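# Fold and geometry: a report
Each chain, letter by letter, is given below.
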Amino acid sequence: MENASNQRWFLRKHEDGSVFGPLSLDQLTRWALTAQVAPHDAISSDQLTWIKAPMLPELGMDWLVEMTTEQYYGPTTLGAIQEFIRLGEINGETFIINSCDGSRHQVRDVPALLEAVPLALDNEAEEQETDAPAGPSAAGISIDLHERIRDLEQTLQEERRALEEADERYRQLEQKYQQLLEQQGS
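The following refers to the structure shown. (Residues numbered from 1 in each chain as written. Predicted model: local features only at pLDDT ≥ 70, side-chain atom pairs only at ≥ 80, totals over all residues. Heavy atoms only, no water.)

This part takes up the overall build of the protein chain. Counting its secondary structure elements, the protein chain contains 4 helices and 8 strands. The order of helices and strands in the protein chain, counted from the N terminus, is β-β-α-β-β-β-β-α-β-β-α-α. Going through the 186 residues of the protein chain one by one, you find that 33% of them count as buried. A total accessible area of about 11900 Å² is found for the protein chain, and carbon and sulfur atoms account for 51% of it. (Helix = DSSP H or I, 4+ residues; strand = E, 2+ residues; numbered from the N terminus. Buried < 20%, exposed > 50% of the residue type's maximum accessible area, 1.4 Å probe, protein only. Areas by Shrake-Rupley, 256 points an atom, 1.4 Å probe, with all protein chains shown as cover.)

Note: strand E5 (residues 63-66) against strand E6 (residues 72-76), 3 bridges, orientation antiparallel. Following the sheet pairing, Glu66 is matched in E6 by Tyr72. Remark: 5 residues form the turn of the hairpin made by E5 and E6, two consecutive strands paired antiparallel. Where E5 lies against strand E7 (residues 95-98), 4 bridges are found, and the strand directions are antiparallel. Considered in E7, the bridge of Val65 is made with Ile96. (Pairing = 2+ DSSP bridges.)

Purely geometric stuff here, so don't read any function into it on its own.
Encoded structure:
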């Protein structure tokens, strides 16, 4: 397979199927850093075979944002996380997980997030100077409330089922215990 940096890339947005490209790997990486490439977007070098953007290691989409204990956004880049902070969608208390090593950190404890802002701003200035192709708009973290309610209802049903199973198991053990007591008393 040809080196990723020597290939021309295409980006297909998950939301509406729009395709951007051809792009250099540098341009695609800049877009990933500025939250213009979302986790479900696809990339291709030939427009025949598409892969999820996070599967291209060069994009650095190695981070998950822990929205709740059961819901995550990502994988995404540190630059995109910085954009979400700027937009007020997450804050320093939010946990992020490095999908490469599994480490979990609060945003405020990751110094690289503070360094991502100047890099993104430098890249924007460079894009304006070089007449780079217009890119997709930056994506925010969206949580579909209906989907979240559905997830919570499903979790509640699973917890109730587990409680019922535990209660039944307790009743069975209690019966065995009573039987053993009766046998011991005889």
